[in-house]
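If you want the building blocks of each chain, they are given just below.
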Amino acid sequence: MLSCLRWSVGVLSMVFFFSCVFPDSTDEIFEERIVLLTQLSGDTLHLVVGEEKTLEAQYFGLDGKIDEDQALAWNSSEEKIARVDGNTLIAVSEGVSEIISFKEGNPQGLKTEVFFAKVSPDPKEPKQIEISARNQSRNIDNAKGALVGDELIFSAQVLNYKGTPLSDIALSWKSDNENVISVESSTGKGTALALGTAKIHAVYKEILSKSLSLRVSEDADTPNNVEIQGDKNQIEVDEEISLEAVVRNVDNEEISPTPSLTWSSSDEEVLSVDQEGNLRGIKAGTAEISCRLGEIKAEPRVFEVKDPNAPVEIVLSIDNSTNPKPGETRQLKAVVKNYKDEDITEGVSGLTWESDDTDGSVLTVDANGRVTAVAKGTATVTASVGGVSADFEIEVDPPATSDNGGGGGNGGGNGDGNGDGNGDGNGDTNGGEPTQTQSR
């Protein structure tokens, strides 16, 4: 009887033990997680300026079930691009912002994976205006001038940020000199009233405008406008090119021979021009070239002067891609390129090398880009010339280890690292030959 009682107590104890150590499988514990429900394209949510999007996510607790009572919050890294109001994302301006969701009150804790809100301009919003004028009285499209009394019609094409024409966009028209050319605000119809020049503006909601200058001449035979020919707007240092300009009358007819013009540069130290229209690049920069005939001035041409000998990029490479060990060397090579992606290394002087490991505890680098490894660690070597630089990160591995065990095979190694285990007995040990281990 006592034996049966002891057996029963033992069984109960085992049941209790296993119940504590191995809980019921139905009480499985899960990881907390927040699952994003908002539909993305890859990892990006695309919006246009002014668009609003409801953000959705669900929180799963330790029991693996949705906890609808857990409040979630949202954060945008760039509020000027996309801001969050509650669970509504509002596209503010063009750009990209990182968006995350987290448990309310704990922004540093559990989060969703980051996704991106990419905001583009509204394709229905005007971004550019192109203006033209028609001289009704003289039946001339793309008119550049008029005579007193001529009737004019100004028109505009409105484009979005992609350059696509938009229709039904209301514009208002203004003249900066109503005494020379008057224009109706709503229709763009104008009248040439007196000699002189006026700028006609097409305006969209006072936030976007474009202007066109017209000159009212005395008669049809006198010069009315000057135009610089060609579309070249770039020149190299020491390069020489010639520009030409044409003079036209009010009917857009070229006047020949071309009257003598006055040429000028906004910065003679960057780009020079003589009175024949010959240009010469002096140094890198930008300058505006203009020409005029008396009071008639051509639309200026902006030129960029490029220096083919100036570095714009450095490309670095190394002679051995394996990580060096203390005492080993590596050679870095720098290829210097110009704006045309040409190799100009040979013609460049003053290339310098330096390491962010200023005390040389990890590596050193000499004036020729030769790197010597000192001790385990990582350092960045920088090559610089002409205001341009490039970085190269180098990791130094630990020193190689040596197996100093003696050769003890049948050959009778002497155990001092120089054992002759390869001797007469053909021993199993190679007598302490060093082995090297590499890691990246």
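Nothing here was measured: the structure is a model prediction, and the numbers come from that model.

(A) Broad picture of the layout of surface pockets. In this structure, the largest pocket spans a volume of roughly 710 Å³. Around the largest pocket, the lining comprises 21 residues; the ones closest to its centre are Ser213, Val226, Lys297, Ala298 and Glu299. When residues of the lining of the largest pocket are traced back to their parent elements, those giving at least two are β17 (196–204), β18 (208–217), β19 (225–228) and β27 (296–297). Among the elements that line the lining of the largest pocket, the one with the most residues is β18, at five residues. In this structure, the second largest pocket encloses a volume near 210 Å³. Looking at the second largest pocket, it is lined by 14 residues, and the ones nearest its centre are Leu55, Glu56, Ala57, Gln58 and Leu72. Elements that contribute at least two residues to the lining of the second largest pocket include exactly β4 (57–60) and β5 (72–76).

(B) Representation of the nonpolar core in the model. Of all hydrophobic cores here, the largest spans 23 residues; its most connected members are Val226, Leu261, Trp263, Leu271, Leu279, Ile289 and Cys291. Counting only elements with at least two residues in this core, the list comes to β19, β22 (245–248), β24 (271–273), β26 (285–293) and β28 (301–306). Considering each element in turn, this core owes the most residues, four residues, to β26. In contact with Ile289, not counting residues within four places along its chain, are Ile228, Leu243, Trp263, Ser264, Ser265, Leu271, Val273, Leu279, Pro300, Arg301 and Phe303. Within the second largest apolar cluster, 21 residues are counted, among which are Ile181, Ala192, Ile200 and Leu212.

(C) Structural view of the environment of Val362. On the secondary structure map, Val362 appears in the loop between β31 (352–355) and β32 (363–365). Using a relative accessible area of 11% as the deciding quantity, one classes Val362 as buried. Measuring from C-alpha to C-alpha, the distance between Val362 and Ala375 comes to 4.7 Å, with 13 residues separating the pair along the chain. In this structure Val362 touches Asp357, Thr372, Ala373, Val374, Ala375, Lys376, Gly377, Thr378, Ala379 and Val396, once residues within four positions along its chain are discounted.

(D) Inspection of unusual backbone geometry at higher detail. Cis rather than trans, the peptide bond between Ser256 and Pro257 has omega equal to -5°. Its location among the elements puts Pro257 in the loop between β22 and β23 (262–265). A positive phi angle, near 50°, is found at Lys205, a position not held by glycine. With respect to the helices, strands and loops of the structure, Lys205 is situated in the loop between β17 and β18. Judged by its relative accessible area of 61%, Lys205 falls in the exposed class. If you check the backbone angles, Asp238 has positive phi at about 75° while not being a glycine. Inspection of the secondary structure assignment puts Asp238 in the loop between β20 (234–236) and β21 (240–242). For Asp238, a relative accessible area of 52% translates into the label exposed.

(E) Focus on the packing of aromatic side chains. Under the defined criterion, the tally for this structure stands at one aromatic pair. Taken together, a centroid distance of 6.2 Å and an interplanar angle of 35° make the contact between Phe154 and Trp173 tilted. Highlighted residues: Phe154 in strand β12 (residues 151–159) and Trp173 in strand β14 (residues 172–175), separated in sequence by 19 residues. Looking at Phe154, the relative accessible area reads 2%, which means it is buried. For Trp173, a relative accessible area of 7% puts it in the buried group. The ring of Phe60 has Arg33 lying over it, and the distance from NZ or CZ to the ring centre is 4.3 Å.

(F) Spatial organisation of the side chain of Ser175. Along the chain, Ser175 turns up in strand β14. Within polar-contact distance, the side chain of Ser175 engages the backbone oxygen of Ile181 at 2.7 Å. With residues up to four places along the chain from it excluded, the contact list for Ser175 reads Ile181, Val183, Ala198, Lys199 and Ile200.

The rules we used
- Think of each chain on its own: its residues are numbered from 1, step by step along the sequence as written.
- Reporting of local features is limited, given that this is a predicted model, to residues whose pLDDT is at least 70; pairs of side-chain atoms are given and counted only at 80 or more, and all residues count toward the totals for whole chains, interfaces and linings.
- Only heavy atoms go into the side-chain values, all of them from the structure, while hydrogens and water stay out.
- A 1.4 Å probe that fits but cannot get out identifies a cavity on a 1 Å grid over protein atoms alone, an open set with protein on both sides within 12 Å along at least five of seven lines counts as a pocket, and a residue lines either if it has an atom within 4 Å of a point.
- Grid points are joined across faces, edges and corners, and a volume is the space filled by probe spheres set on the points.
- Per the convention used, a helix needs a DSSP run of H or I reaching at least four residues, while a strand needs a run of E reaching at least two, with both numbered from the N terminus.
- Definition used in this section: a nonpolar core is a set of buried Ala, Val, Leu, Ile, Met, Phe, Trp, Tyr and Cys residues joined via side-chain atoms within 4.5 Å.
- For every residue, the accessible area obtained with a 1.4 Å probe (protein chains only) is divided by the maximum for its type, and the residue is called buried under 20%, exposed over 50%, and partly exposed between those limits.
- Should any heavy atoms of two residues lie within 4.5 Å, those residues are considered in contact.
- Ring pairs shown here join Phe, Tyr and Trp side chains whose ring centres sit within 6.5 Å, with only the six-membered ring taken for Trp; geometry is labelled stacked below 30 degrees between planes, edge-to-face above 60, and tilted in between.
- Over a ring means this: the NZ of a Lys or the CZ of an Arg is within 6 Å of the ring centre and within 35 degrees of the ring normal.
- Think of a polar contact as two N or O atoms within 3.5 Å of one another; within protein, one of them needs to be a possible hydrogen donor and the other a possible acceptor, and neighboring residues in sequence only count if both atoms come from side chains.

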